[in-house]
Amino acid sequence: MKYSVAHFQTTFAEQWQADIFAQALCDIGFDTIDGSDAYIPTTQLDLPALQSLVAQTEGVSLLSVEECPDENWNAVWESEHPVEQLPMGVVIVPHCAFGAGHHETTGMLIDALMERDWTGCRVLDNGCGTGVLGIFAAKRGAEHVLAIDIDDKSVENTRENATRNNVTIEAQQGTLEALADDIPSAGFFDLILSNIHRNILLSQLPLYARLTKEVWLSGFYEDDAPALIAAAKEVGLHLTRQDTRNNWCMIILNR
């Protein structure tokens, strides 16, 4: 399969802006992102769509787009980026923009999951990406893990990584808002994990309060924590733990 590569110059002020741009690239067909380069099957390249995305995104310039030699670029990328083992022997092979579990936000959540036995629990991995958090919940005994993401590539990647790590996870494409309409009762989940950026977390807090008795949030900076904690209190969720790593933050809330 022939691939094309787009070369970018970026000057994002915050990491979440880079994450949103990477997700937008995935949405228009790019399946491998390596630093300032993004790869896409040539037959799926829509140059006007790419140019429109760049024009609408502050801090991004498109330097060039060129066709690559006829190689398996996913395999090339994986060979150049060795996959490290996580605790409990978990191995995550990421697709597209999603990490392998080593970012500070993910690492704090993994460490917290490792501290408790989740036997018999129902866990939701909201915005699952590679499925790494759901996999750890399953490894720690969760009876049922549901992983959701708006991106179909994330859902596919989660299923692959669950199989790779010998755990069972139900992975679905969709939004938390749509899922909430089908939940049979309040407090259905024992734990919700959401590692996404601040604005989405703020908007979804009322759903967390209805769907679970405990929610763990990350994906934001320490400076953003007070606003999230205050908004959570308004919907009946109270702070029980706050961790920080390199200015990234995780908070645990209980109802």
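Bear in mind the structure is a predicted one, so any value in this text is a computation, not a measurement. (Residues numbered from 1 in each chain as written. Predicted model: local features only at pLDDT ≥ 70, side-chain atom pairs only at ≥ 80, totals over all residues. Heavy atoms only, no water.)

Engineer: Can you walk me through helix H1 (residues 15-27) in this structure?
Structural biologist: For an α-helix, the turn length of 3.6 residues means that residues three or four places apart are oriented alike. Compared with an ideal rise of 1.5 Å per residue, which puts 13 residues at 18 Å, H1 spans 19 Å between its outermost C-alpha atoms and is within 8% of the ideal. Among the residues of H1, Phe21, Ala22, Gln23, Ala24, Leu25 and Cys26 are the ones counted as buried. Of the residues one or two after H1, Gly29 is the one with positive phi, at around 115 degrees. (Helix = DSSP H or I, 4+ residues; strand = E, 2+ residues; numbered from the N terminus. Expected span 1.5 Å × (residues − 1). Buried < 20%, exposed > 50% of the residue type's maximum accessible area, 1.4 Å probe, protein only.)

Engineer: What should I look at first to understand the pattern of salt bridges in this one?
Structural biologist: When their charged atoms lie close together, side chains carrying opposite charge are able to pair. Counted by the stated rule, this structure contains six salt bridges. Glu214 is paired through a salt bridge with Arg116; the nearest N and O atoms lie 2.8 Å apart. Linking Glu214 in strand E9 (residues 214-221) with Arg116 in the loop between helix H4 (104-114) and strand E5 (122-126), this pair joins segments that are 98 residues apart in sequence. Since its relative accessible area comes to 7%, Glu214 is described here as buried. The salt bridge involving Asp224 is made with Arg198; its shortest N-O contact spans 3.4 Å. In this pair, Asp224 is assigned in the loop between E9 and helix H9 (225-234) and Arg198 in helix H8 (residues 198-211), connecting sequence segments 26 residues apart. On the basis of relative accessible area, Asp224 is assigned to the buried category, the value being 18%. (Salt bridge = Lys/Arg side-chain N within 4 Å of Asp/Glu carboxyl O.)

Engineer: Any chance you could explain the packing of aromatic side chains here in plain terms?
Structural biologist: Aromatic ring pairs: the centre-centre distance and the angle between the two ring planes describe each pair. Taken as a whole, this structure holds five aromatic pairs when the rule is applied. Both rings, one in Phe12 and one in Phe21, keep their centres 6.0 Å apart while their planes meet at 45 degrees; by these two values the pair is tilted. On the basis of relative accessibility, which here comes to 23%, the residue Phe12 falls in the partly exposed class. Here the aromatic cluster, defined as three or more aromatic residues joined through ring pairs, consists of Phe8, Phe12 and Phe21. In this structure, Arg122 packs its charged tip against the face of Phe188, placed 4.4 Å from the ring centre. (Phe/Tyr/Trp six-rings, centres within 6.5 Å; stacked < 30°, edge-to-face > 60°. Lys NZ or Arg CZ within 6 Å of the ring centre and 35° of its normal.)

Engineer: Looking at this structure, I do not really get unusual backbone geometry. What am I missing?
Structural biologist: What you tend to see is this: most non-glycine residues have negative phi, and most peptide bonds are trans. Its identity as a non-glycine residue notwithstanding, Met88 has a phi of 65 degrees, on the positive side. Counting through the fold element by element, Met88 comes out in the loop between helix H3 (73-80) and H4. Not every positive phi belongs to a glycine, and Asn247 is a case in point at roughly 75 degrees. For Asn247, a relative accessible area of 36% gives the class partly exposed.

Engineer: Hey, could you run me through H4 in this one?
Structural biologist: Burial runs high along H4: eight of the eleven residues are buried. Of all the residues in H4, the buried ones are Thr105, Thr106, Gly107, Met108, Leu109, Ile110, Ala112 and Leu113. Residues of H4 that are buried make contact with helix H5 (132-139), strand E8 (191-195), E9, strand E10 (238-245) and strand E11 (248-254). (Contact = heavy atoms within 4.5 Å.)

Engineer: What am I meant to see in the packing of H8 against H9 here?
Structural biologist: For any two helices packed against each other, the geometry is given by the interaxial angle and the distance between the axes. The contact between H8 and H9 brings their axes to 9 Å, and the two run at 10 degrees. Compared by their axis directions, H8 and H9 come out roughly parallel. Contact residues: Arg198, Leu201, Leu202 and Leu205 in H8; Ala227, Leu228, Ala231 and Ala232 in H9. Its residues assigned to classes, the contact of H8 with H9 shows seven nonpolar, no polar and one charged. (Axes fitted to C-alpha atoms, helices over the stretch in contact; angles between N-to-C directions. Parallel < 35°, antiparallel > 145°, perpendicular 65-115°, else oblique. Nonpolar A, V, L, I, M, F, W, Y, C, P; charged D, E, K, R; others polar.)

Engineer: What is the right way to read the pairing of E9 from this model?
Structural biologist: Looking down a regular strand, the side chains alternate between one sheet face and the other. Burial of E9 is extensive: eight of the eight residues sit out of reach of the surface. In this structure, E8 lies alongside E9, joined through four bridges in parallel fashion. Paired with Ser194 across the two strands is Leu217, which belongs to E9. On the question of chirality, the crossover connecting E8 to the parallel E9 by way of H8 is right-handed. (Pairing = 2+ DSSP bridges. Right-handed = clockwise from strand over helix to strand, strands pointing away.)

Engineer: Just to check I follow, could you spell out the sheet that holds E5 for this structure?
Structural biologist: Think of a sheet as strands paired side by side through backbone hydrogen bonds, with each pair either parallel or antiparallel. Read from one edge to the other, the open sheet built from seven strands follows the order E7-E6-E5-E8-E9-E11-E10, with strand pairing classed as mixed. Only two strands of the sheet have a single partner each, and these edge strands are strand E7 (170-173) and E10. Averaged over all pairs of adjacent strands, the angle between their axes in this sheet comes to 15 degrees, without regard to strand direction.

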